[in-house]
Structure formats: structure tokens, C-alpha cells
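# Examining the three-dimensional arrangement
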Amino acid sequence: MRKLLVVVIFVVLISIRVLYEIFVAANINAEKRIAIKIPTGSTYADVEKILKQNKVLKSELTFSLVSLMKHYPDKVKSGYYVFTNGMNNRQIVNMLRAG
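The rules behind the values
- Counting restarts for each chain: residues are numbered from 1 in the order of the written sequence.
- Restriction of local features to residues with pLDDT of at least 70 applies here, the model being predicted, together with a cutoff of 80 or more for giving and counting side-chain atom pairs; totals for whole chains, interfaces and linings are based on all residues.
- To get the side-chain values, take all heavy atoms of the structure and skip hydrogens and water.
- A simple rule labels every residue: compare its accessible area, found with a 1.4 Å probe on the protein chains alone, to the largest value its type can have, and call it buried under 20%, exposed over 50%, or partly exposed in between.
- For helices the rule is a DSSP run of H or I covering at least 4 residues; for strands it is a run of E covering at least 2, with both sets numbered from the N terminus onward.
- By construction, the arc corresponds to the directions joining the helix axis to the C-beta atoms.
- Any two residues whose heavy atoms approach within 4.5 Å are treated as being in contact.
- Note on patches: the residues involved have over 30% relative accessible area and no salt bridge, like charges join within 9 Å, and the nonpolar side chains Val, Leu, Ile, Met, Phe, Trp and Tyr join within 5 Å.
- Surface accessibility in these figures is a Shrake-Rupley result with a 1.4 Å probe; residues are shielded only by whichever protein chains are displayed.
- The rule for a salt bridge is simple: a side-chain nitrogen of Lys or Arg has to be within 4 Å of a carboxyl oxygen of Asp or Glu.
- Confidence scores labelled pLDDT are given residue by residue by the predictor and lie between 0 and 100.

When helix α2 (residues 44–53) is considered as a whole, its buried residues turn out to be Tyr44, Val47, Ile50 and Leu51. The buried residues of α2 all sit within an arc of 120° when viewed along its axis, so they share a single face. In α2, the exposed positions that point more than 90 degrees away from the buried face belong to Lys49, Lys52 and Gln53. For α2, the elements touching its buried residues are β1 (33–38), α3 (60–69), β2 (79–84) and α4 (89–98). Just beyond α2, the residue with positive phi is lysine 55, at close to 50°.

Below you can see the structure in the form of C-alpha cells.
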């Protein structure tokens, strides 16, 4: 019984850490600011490519997870975007969705 309790606590702690990394931790790979342009007619795949080419994100995987959860692939908007140090995935996706 004690071993089960230790395993459950371990799993809960790992889950909390993973959720923190996905939703709360900063995901901008810059000390100051990074500006990008998303051209008219861009798809979600284009946005991912632009972000990767400009080395905007620390973790593309966590960005993709939040993007899918917030239905961003269906709501890509063109424009100029400025990413600042400390932005998390939710803030990034919300900004990109707002246009």
C-alpha cells in the first residue's frame, strides 16, 4: 500500500510539472524581443515553419499542443507579431489568434 501511495504521488508531481511546462512556463527563445511577419494566406504549417526558422520558440511541441487545444490552426491571421521574453504558450497563441 505504501509503495502505491509513493507511485501515485510521483505520477501527480510529474503531471503537475508537465502541465506547468505546457501552459505556464515561458516559451520564447529570446532575451528581449523577436519580430516576425506572417504573410496573407499562410497556413498553420507555414506559421510553424516561420517560428522555427526565426528560432522563436524554446519548445515547438508544447506550442503545438496549446495551439491545437485553442483551435489556432483554423484561425491563422496574417500580420506582424512581436514576441517578448517571458511569454508562455497561451499568450503566444492568444496573440496570434487575435491578429
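Back to the text.
One non-glycine residue, lysine 55, lies in the positive phi region at around 50°. In this fold, lysine 55 is placed in the loop between α2 and α3. For lysine 55, a relative accessible area of 59% puts it in the exposed group. Despite not being glycine, histidine 71 shows a phi value in the positive range, around 60°. The topology assignment puts histidine 71 in the loop between α3 and β2.

Moving on: a nonpolar patch on the surface. On the surface, Met1, Leu4, Leu5, Val8, Ile9, Val12, Leu13 and Ile16 cluster together into a nonpolar patch covering about 840 Å² of accessible area. Note on placement: isoleucine 16 falls in helix α1 (residues 2–23).

Moving on, we come to the confidence of the model for the chain. For the chain, per-residue confidence averages 92 on the pLDDT scale, and 100% of positions sit at 70 or higher. α2 holds the highest mean pLDDT among the elements of the chain, 97, whereas α1 holds the lowest, 83.

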